[in-house]
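The residues making up each chain are set out below.
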Amino acid sequence: MITHDQLFIDGAWTAPAGNEVIDVVSPSTEEVIGRVPQGTNADVDAAVAAARKSFDSGPWARMHPGERAAVIANIAKLLQGRVEEIAKMVAQEAGSPLSFALPAQAFAPTMIFDYYAQLAERYPFEEVRQGVLSPVIVRREPVGVVAAVVAWNVPLFLIAAKMAPALLAGCSVVLKPAPETPLNAFLFADVCTEAGVPAGVVNIVPAHRDVSEYLVRHPGVDKVSFTGSSAAGRTIAGICGEQLKRCSLELGGKSAAILLDDADLSLIPTLVGAGIMNNGEACVAQTRILAPRSRYDDVVEAVGAAVGALKVGDPLDMETAVGPLIAERQRARVESYIESGRSEGARVVTGGGRPAGLDKGFYVEPTVFADVDNKMRIAQEEIFGPVLAVIPYDGEEQAVAIANDSDYGLAGSVWSADSAKALDVARQIRTGTMSINHYTIDFGAPFGGYKTSGLGREFGPEGLDTFVELKSISVLPGTEIPGVTS
């Protein structure tokens, strides 16, 4: 068992203000595998004060971006050296299968830090442009102290998505990991120290919801970056709106995978992988499969066969495709949606229960529904579990309408042998990301959602934009302008 009895504040392991702890429970064994201090409001005060001091008077925000980039590159390198350890840790904390955890939970964070380390060379932290009246220096300065609040499904990935651009911008950060998956955040603290991050720039306080809200409301915080449910995002947006505090929100999704009439059904296993990635606990999961009515039965059969062939079991087994859900409450939630699908008239093609022989752990059979109407709850609400809904359509215009008939707009995909036709359809879908004949997130391009899927973007230069403030300095014509960095 991994036990921590201190919090990471101001560059040092520090005794918590309270004496309560968070037990980390394995979703596969239901046993306690770790323990960390439960942060309190007083711990948040200490972490914000350390971040505030480091930002207002420390070296980090005043370094040349290239110097910060060198430290960020160190973080990437150190994480690369611990990829297997990280993957196994997250597999145990979150139930994420190693086959997914190795590339997505462990290696992808190193790619994110690498990307932002390299972006420093070409990002315009300071530039001169000719204004209407005179030359103008446009500066991009760090927004200040950031509260980074992350979800439990891909914890270190989300830490990297926020921390890498925030650090490159010159911000100081208070990280609030989810209470279900704090162990990887403590590993990240050790990496930051070894990489050369100055004291106070990174602070880590795991806590439950009430303390999270205290952090979001804290007057010492300049910006909130949050990943989680749309319901929690609304609360955070309201608080930030009251305070005119900057915020970015990466929220839920109910993504549509549109199979056009010429789609290659041999790609169905790839599509299923995009729909049930990370046990279905992924905001970008392609959970609505839209199939032309002329090929509907073939698509349903192929999806059902592909899902039925998935191995369910121990997340530490590389052959496992679907592991347990994060907690009993999440399993109960997913099972309630399965029952809802049945009661509304959808047909279970495969799954629909609990897998045989797995008496321990929060497992649900990967499930496929056919005869689904897009108005059903299983087609409209984010289930966050291994449940796919196959929806028929008549004509591409109706496919686009069904895909857009959602409160969410985070991701989606189009599957076709004709890339031009697929692109034309993709351009009509109101989501922040789309892929053709697969689904992926590219760290060099903006990621985020329309509608209730969030505000702002992560990744790419746009992800760094959310952690800077713009300042314009007007000078008289002919003025010599020394020290411009780009």
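Scroll up for the structure.
All values derive from a computational prediction rather than experimental measurement.

Novice: I'd like a rundown of the environment of Arg122, residues and numbers included.
Specialist: Its place among the elements puts Arg122 in the loop between helix H4 (98–119) and strand E6 (126–130). Residues Arg122 and Lys245 lie 123 residues apart in sequence; the distance between their C-alpha atoms is 28 Å.

Novice: For the packing of helix H1 (residues 41–57) against helix H7 (residues 209–217), give the residues involved together with the corresponding values.
Specialist: Running from N to C, H1 and H7 point in directions that differ by 35°, and their axes come no closer than 9 Å. By crossing handedness, the relation of H1 to H7 is classed as right-handed. Where H1 abuts H7, its residues Asn41, Val44, Asp45 and Val48 lie against Val211, Tyr214 and Leu215. Along the lines of polarity and charge, the residues of the contact of H1 with H7 split into five nonpolar, one polar and one charged.

Novice: I'd love a proper account of the pattern of salt bridges, names of residues and values included.
Specialist: Considering all chains together, one arrives at 24 salt bridges under this definition. Between Arg35 and Asp23 there is a salt bridge; the shortest N-O distance is 2.5 Å. Of the two residues, Arg35 sits in strand E5 (residues 32–37) while Asp23 sits in strand E4 (residues 21–25), which places them 12 residues apart along the sequence. Assessed through its relative accessible area of 28%, Arg35 is described here as partly exposed. Between Asp262 and Lys421 there is a salt bridge, and its shortest N-O distance comes to 3.9 Å. Of this pair, Asp262 sits in the loop between strand E13 (256–259) and helix H9 (268–275) while Lys421 is found in helix H14 (residues 419–426), placing the two residues 159 residues apart along the sequence. We classify Lys421 as partly exposed; its relative accessible area is 24%. Three or more residues are tied together by salt bridges with common partners; here these are Glu126, Arg139, Glu141 and Lys471.

Novice: Explain the sheet that holds strand E19 (residues 412–415) residue by residue, including any values.
Specialist: Taken in spatial order, the seven strands line up as E15-E16-E17-E14-E13-E19-E20 in an open sheet, and their pairing is mixed. Edge positions in the sheet fall to strand E15 (347–350) and strand E20 (435–436), since each of these pairs with one other strand and no more. In this sheet, strand E17 (residues 387–393) lies alongside strand E14 (residues 288–292) in parallel orientation, the contact comprising five bridges. In the strand pairing of E17, Ile289 is matched with Val390.

Novice: Please give an account of the packing of helix H2 (residues 65–80) against helix H5 (residues 155–169) that cites residues and values.
Specialist: One way to put it is that H2 packs onto H5 with a least axis distance of 8 Å and a crossing angle of 160°. With respect to their mutual orientation, H2 and H5 come out roughly antiparallel. In the crossing of H2 with H5, the sense of the turn from one axis to the other is right-handed. Residues Pro65, Arg68, Ala69, Ile72, Ile75 and Leu79 of H2 form the contact with H5, whose participating residues are Leu156, Ala164, Leu167, Leu168 and Ala169. The residue makeup of the contact of H2 with H5, split by class, is 10 nonpolar, no polar and one charged.

Novice: Hey, could you go over the pairing of strand E8 (residues 145–149) for me, with residue numbers and the actual values?
Specialist: In terms of residue burial, E8 counts as a mostly covered element, since five of its five residues are buried. The side-chain alternation of E8 yields two buried faces, one formed by Val145, Ala147 and Val149 and the other by Val146 and Ala148. Taken together, the five bridges between E8 and strand E9 (residues 172–176) define a ladder with parallel strand orientation. By the bridge assignment for E9, Val146 is matched with Val173. After leaving E8, the chain enters H5 and then returns to the sheet as E9, a path that is right-handed.

Novice: Describe the environment of Met376, with residues and values.
Specialist: Position of Met376 relative to the elements: it lies in the loop between strand E16 (367–370) and helix H12 (377–380). A relative accessible area of 8% means that Met376 is categorised as buried. For the pair Met376 and Ala346, spaced 30 residues apart in the sequence, the C-alpha separation amounts to 8.6 Å. With residues up to four places along the chain from it excluded, the contact list for Met376 reads Glu344, Gly345, Ala346 and Asp371.

Novice: I'd like a rundown of helix H10 (residues 296–308), residues and numbers included.
Specialist: Taking 1.5 Å of rise per residue, 13 residues should cover 18 Å, and H10 covers 18 Å from first to last C-alpha, within 8% of that figure. Here H10 has its buried residues at Tyr296, Val299, Val300, Val303, Gly304, Ala306 and Val307. Down the axis of H10, the buried side of the element spans an arc of 165°, and every buried residue falls inside it. In this structure, H10 carries Asp297 and Glu301 as exposed residues pointing more than 90 degrees from its buried face.

Novice: Account for H5, with residues named and values stated.
Specialist: Its 15 residues give H5 an end-to-end C-alpha distance of 22 Å, which sits within 8% of 21 Å, the value for a rise of 1.5 Å per residue. Most of H5 is tucked away, with 15 of its 15 residues classed as buried. In the segment just after H5, Gly170 is the residue with positive phi, at about 105°.

Novice: Which residues make up the environment of Glu301, and what values do they have?
Specialist: Looking at where Glu301 falls in the secondary structure, it is placed in helix H10. Taking the relative accessible area as the measure of exposure, Glu301 reaches 58% and is therefore exposed. A sequence separation of 88 residues divides Glu301 from Glu213, and the C-alpha atoms of the two residues are 46 Å apart.

Here is what the cut-offs are and how they apply
- All residue numbers refer to position in the chain's written sequence, counted from 1.
- Per-residue local features of the predicted model are confined to residues with pLDDT of at least 70, and side-chain atom pairs are confined, for both listing and counting, to 80 or more; whole-chain, interface and lining totals are unaffected and use all residues.
- Excluded from the side-chain calculations are hydrogens and water; all other atoms, namely the structure's heavy atoms, are used.
- For helices the rule is a DSSP run of H or I covering at least 4 residues; for strands it is a run of E covering at least 2, with both sets numbered from the N terminus onward.
- All axes here are fitted lines through C-alpha atoms, helices being fitted over the stretch that makes contact, and every angle between N-to-C directions spans 0 to 180 degrees.
- Note on convention: the crossing is left-handed when the near helix lies turned anticlockwise from the far helix by less than a right angle, right-handed when the turn is clockwise.
- In what follows, a contact means two residues having at least one pair of non-hydrogen atoms within 4.5 Å.
- Ten residue types, Ala, Val, Leu, Ile, Met, Phe, Trp, Tyr, Cys and Pro, are classed as nonpolar, four, Asp, Glu, Lys and Arg, as charged, and the remainder, Gly among them, as polar.
- When a carboxyl oxygen of Asp or Glu lies within 4 Å of a side-chain nitrogen of Lys or Arg, that pair is called a salt bridge.
- Relative accessibility thresholds used throughout: buried, under 20% of the residue-type maximum; exposed, over 50%; partly exposed, between the two (1.4 Å probe, protein chains only).
- Note on pairing: two strands pair once DSSP finds at least 2 bridges between them.
- To sort the angles, those under 35 degrees are grouped as roughly parallel, those over 145 as roughly antiparallel, those from 65 to 115 as roughly perpendicular, and the leftovers as oblique.
- Place the viewer so that the strands point away; then a crossover is right-handed whenever the path from the first strand over the helix to the second strand goes clockwise.
- Helices are assigned an expected span. That span is 1.5 Å times one less than the residue count.
- Of all possible arcs, the one meant is that of the directions from the helix axis to the C-beta atoms.

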